[in-house]
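Here is what each chain is made of, one letter per residue.
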Amino acid sequence: MKERIWMIILLIPIMLMNLIRDLHYLAPVSSAGNVAFVLAMLVIYYYLFGYDGSAFAHFGDRPLVVTSLEKWPLFIGTACFALESIAIIVKIEHHMKQPKKFRKPFGVFNIGLAITMLLFATTGLCGYLKYGDDAAPSLTLNIAEDQILAQVVRILYALVIFFSYPIQNFVPLELLWTNYIHHHMVGYSDKKKLRIEYLFREIMVLITWAFAMVIPHLDLLISLFGAFCLASLGIMFPAII
């Protein structure tokens, strides 16, 4: 019940941030989320390596086995979901002052993707070595709730989602508005178009907020979206087209 109350409270500032239409103004908001993410990861790695022994102390106790085939789709869907931010990355390229630096061998894309893959691999492996089969869908759930750092890391991850939501929502909103709505408003004044766009943005926020309110297990939803969205839009369709 407390989680639902907090979600209702946070809905208002999220709706306000979602009214920002310029990606340049969203950059500071996203940077705040990145800072919170780095701090949260430091706390997670403290629990993996510094608190109650290192994760590698359990290396010999964790059998590195291949799970059953019926669980593979869940993993593949989750892995695909992790790559869905590629649409945002490509969009950012068009807003850079020097887009040529984006695709260089040591450019923004390659360095960012390498860091992301390294974090995914090390966190997943060390989380399994530390907690084994008891590892929760989110490692923050494996930390004892009565510890102050446990509360801190949960707050930090909440801030990560809070500050990153507007930029995650930027590309879908722009694509839907530009390709499916805007061209149907021929003859509308600019002021009226702006009002409709703001209304559209708020409706989209309410839809995603409603999903978060009614779906208890987001890890399964994440895998579902990854399997259907990225598998088709990011892998199959580009190859076919």
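How each quantity is defined
Residues numbered from 1 in each chain as written. Predicted model: local features only at pLDDT ≥ 70, side-chain atom pairs only at ≥ 80, totals over all residues. Heavy atoms only, no water. Phe/Tyr/Trp six-rings, centres within 6.5 Å; stacked < 30°, edge-to-face > 60°. Buried < 20%, exposed > 50% of the residue type's maximum accessible area, 1.4 Å probe, protein only. Lys NZ or Arg CZ within 6 Å of the ring centre and 35° of its normal. Salt bridge = Lys/Arg side-chain N within 4 Å of Asp/Glu carboxyl O. Helix = DSSP H or I, 4+ residues; strand = E, 2+ residues; numbered from the N terminus. Lys, Arg positive; Asp, Glu negative; His and termini not counted. Contact = heavy atoms within 4.5 Å. Core = buried A, V, L, I, M, F, W, Y, C linked by side-chain atoms within 4.5 Å. Expected span 1.5 Å × (residues − 1). UniProt positions renumbered as here; feature names shortened; annotations may be inferred. Axes fitted to C-alpha atoms, helices over the stretch in contact; angles between N-to-C directions. Parallel < 35°, antiparallel > 145°, perpendicular 65-115°, else oblique. Left-handed = near helix turned anticlockwise from the far one by under 90°. Nonpolar A, V, L, I, M, F, W, Y, C, P; charged D, E, K, R; others polar.

We now examine the packing of aromatic side chains. Evaluation of the coordinates by the stated rule reveals 4 aromatic pairs. Look at Y46 and Y47: their rings are 5.4 Å apart centre to centre, the planes differ by 75 degrees, and that puts the pair in the edge-to-face class. The exposure class of Y46 is partly exposed, given its relative accessible area of 38%. Summarising the aromatic geometry, the rings of F162 and F163 are spaced 5.2 Å apart at their centres and angled 75 degrees between planes, so their arrangement reads as edge-to-face. The class for F163 is partly exposed, based on a relative accessible area of 23%. Here the basic side chain of K192 rests over the ring of Y188, its NZ or CZ set 4.7 Å away from the ring centre.

Our focus in this paragraph is the pattern of salt bridges. Within the structure shown, the criterion is met by 2 salt bridges. R21 is the salt-bridge partner of E197, the closest N and O atoms lying 3.2 Å from each other. Here R21 lies in the loop between α1 (2-17) and α2 (23-50) and E197 lies in helix α7 (residues 190-214), a separation of 176 residues in the sequence. Residue classification places E197 among the buried residues on the basis of a relative accessible area of 8%. Given the relative accessible area of 42%, R21 is considered partly exposed.

It is worth spelling out the side chain of K193 at this point. With respect to the helices, strands and loops of the structure, K193 is situated in helix α7. This buried residue, K193, is left without a salt bridge; D190 holds the nearest opposite charge, at 4.6 Å. Among residues more than four places away in sequence, those in contact with K193 are W177, H182, M185 and Y188.

The next point concerns the nonpolar core. I44, Y47, L48, Y131, L139, I143 and V153 are the most contacted members of the largest nonpolar core, which totals 14 residues. Elements represented by at least two residues in this core include exactly α2, α5 (108-131) and α6 (148-181). For this core, the leading source of residues is α2, giving 6 residues. With 8 residues, the next largest nonpolar core counts L11, M17, V29 and V205 among its residues.

End to end, α5 covers 34 Å across 24 residues, agreeing with the expected 34 Å (1.5 Å per residue, within 8%). For α5, the full list of buried residues reads T123, C126, G127, L129, K130 and Y131. Its buried side turned inward, α5 meets α2. Directly after α5, the chain includes G132, whose backbone phi takes a positive value near 65 degrees.

This brings us to the UniProt feature "transmembrane region" (unreviewed entry) in the protein chain. The sites that UniProt annotates as "transmembrane region" (unreviewed entry) are residues 6-24, 31-49, 72-90, 111-131, 155-177, 198-215 and 221-240. Its end C-alpha atoms 29 Å apart, residues 6-24 is made of 74% helix and 0% strand. Secondary structure across residues 198-215 comprises 94% helix and 0% strand; the distance between its end C-alpha atoms is 26 Å.

A few words on the packing of α6 against α7. It is at 11 Å that the axes of α6 and α7 come closest, and there the two elements cross at 125 degrees. It follows that α6 is oblique to α7 by the angle criterion. Every pair of crossing elements has a handedness; the one defined by α6 and α7 is right-handed. In this structure, α6 uses Y165, N169, L173, L176, W177 and I181 to contact α7, whose residues at the interface are K193, I196, E197, F200, R201, M204, V205 and T208. Grouping the constituent residues of the contact of α6 with α7 by class yields 9 nonpolar, 2 polar and 3 charged.

Tracing the chain through its elements places M41 in helix α2. Residue M41 is classed as buried on the basis of its relative accessible area, which comes to 9%. Residues M41 and Y157, 116 residues apart in the sequence, show an inter-C-alpha distance of 9.1 Å.

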